[in-house]
Amino acid sequence: MSAAPPLFTIGYEGASFDSVLRALKARGVGVLLDVRDLPLSRRAGFSKKPLSAGLEEAGIGYVHLKGLGTPKEGRVAAHQGDLDRFWSIVEDKMQTPEAEHDLNRAAALARERPACLLCFEASPHLCHRLRVGALLHSRFGFTVEHLAPAEPSF
């Protein structure tokens, strides 16, 4: 079995669409795997339709993997700073058939072309994508690398 390619993750908190796109392009990402439960955002360019369209225009695929998203009660716990409850909810979610299905889908997509998991939080250590990446590493051998949005250099 050949070594699995790297798998990237990125959070768009405080970032522009262009800065996220620059980071993805710099690492040769071919498909963005949106692991939000609800692919909606108040931040311009990060709701599902405009995000998908903007990525497509740049030659990057987009796939929403709802089964890997954090349920509302987990997002509420995180927002309240109750990280023990948050991680417990994430663990429960990762045991569901929906999560299993989308974890396998993520692995298949990431084997086809370089992939990046997208969620909101800037820090992967405060985001469930850390756990999703860890599962993809332990079960499928991906090397996980966390990216930061690339601000322009003038």
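Cut-offs and rules
Residues numbered from 1 in each chain as written. Predicted model: local features only at pLDDT ≥ 70, side-chain atom pairs only at ≥ 80, totals over all residues. Heavy atoms only, no water. Helix = DSSP H or I, 4+ residues; strand = E, 2+ residues; numbered from the N terminus. Expected span 1.5 Å × (residues − 1). Buried < 20%, exposed > 50% of the residue type's maximum accessible area, 1.4 Å probe, protein only. Arc of directions from axis to C-beta. Contact = heavy atoms within 4.5 Å. Axes fitted to C-alpha atoms, helices over the stretch in contact; angles between N-to-C directions. Parallel < 35°, antiparallel > 145°, perpendicular 65-115°, else oblique. Nonpolar A, V, L, I, M, F, W, Y, C, P; charged D, E, K, R; others polar. Polar contact = N/O pair within 3.5 Å; in protein donor to acceptor, adjacent residues only side chain to side chain. Core = buried A, V, L, I, M, F, W, Y, C linked by side-chain atoms within 4.5 Å. Left-handed = near helix turned anticlockwise from the far one by under 90°. Pairing = 2+ DSSP bridges.

**Some points on helix 6 (residues 129-140)**
For helix 6, which comprises 12 residues, the first-to-last C-alpha distance of 16 Å matches the rise-based estimate of 16 Å (1.5 Å per residue) to within 8%. Arg129, Val132, Gly133, Leu135, Leu136 and Phe140 are the residues of helix 6 that are buried. Down the axis of helix 6, the buried set is contained in an arc of 160 degrees. They therefore lie on one face. Buried residues belonging to helix 6 abut strand 1 (6-11), helix 4 (83-94), helix 5 (97-112), strand 4 (115-119) and strand 5 (143-147). Note on helix 6: the residue one or two positions beyond its end, Gly141, has a positive phi of about 85 degrees.

**Side note on the packing of helix 5 against helix 6**
For the pair helix 5 and helix 6, interaxial distance at closest approach is 11 Å and the crossing angle is 70 degrees. It follows that helix 5 is roughly perpendicular to helix 6 by the angle criterion. Along its contact with helix 5, which presents Glu100, Leu103, Asn104, Ala106, Ala107 and Arg111, the element helix 6 presents Val132, Leu135, Leu136, Arg139 and Phe140. Within the contact of helix 5 with helix 6, the residues separate by chemical class into 7 nonpolar, 1 polar and 3 charged.

**Notes on the side chain of Asp37**
Turning to its location among the elements, Asp37 is positioned in the loop between strand 2 (31-34) and helix 2 (48-57). A polar contact is formed between the side chain of Asp37 and the side chain of Lys66, at a distance of 3.1 Å. At 3.3 Å, the side chain of Asp37 forms a polar contact with the side chain of Arg75. For Asp37, the contacting residues outside a window of four places in its chain are His64, Lys66, Gly69, Thr70, Pro71 and Arg75.

**Regarding the nonpolar core**
As a rule of thumb, nonpolar side chains are buried together in soluble globular proteins. Leu33, Leu68 and Leu136 are the most contacted members of the largest nonpolar core, which totals 26 residues. Broken down by secondary-structure element, the contributors of at least two residues to this core are strand 2, helix 4, helix 5, strand 4 and helix 6. For this core, the element with the highest residue contribution is helix 5, accounting for 6 residues. Not counting residues up to four positions away in its chain, the partners in contact with Leu136 are Leu7, Leu103, Ala106, Ala107, Leu117, Gly141 and Phe142. Listed in part, the 19 residues of the second largest apolar core include Phe17, Ala23, Val29 and Cys116.

**Things to note about the packing of helix 1 (residues 17-26) against helix 2**
For any two helices packed against each other, one specifies the crossing angle of their axes together with the interaxial distance. Axis separation between helix 1 and helix 2 bottoms out at 11 Å; the angle between their running directions is 45 degrees. Here helix 1 is positioned oblique relative to helix 2, judged by the angle of their axes. Seen from above, helix 1 lies across helix 2 with right-handed handedness. Residues Phe17, Leu21 and Leu24 of helix 1 form the contact with helix 2, whose participating residues are Leu51, Gly54 and Leu55. When grouped by side-chain class, the residues that make up the contact of helix 1 with helix 2 number 5 nonpolar, 1 polar and no charged.

**A few points about the sheet that holds strand 3 (residues 61-64)**
Strand order in this open sheet of 5 strands is 3-2-4-1-5, and the pairing throughout is parallel. The two strands at the open ends of the sheet, each matched to only one other strand, are strand 3 and strand 5. Taking each pair of neighbouring strands and ignoring which way they run, the sheet shows an average axis angle of 25 degrees. As defined by bridge partners, strand 1 adjoins strand 4 across 5 bridges and the pair is classed as parallel. Pairing of Leu7 across the sheet is with Ala115, part of strand 4.

Just geometry here; none of it tells us what the structure is for.
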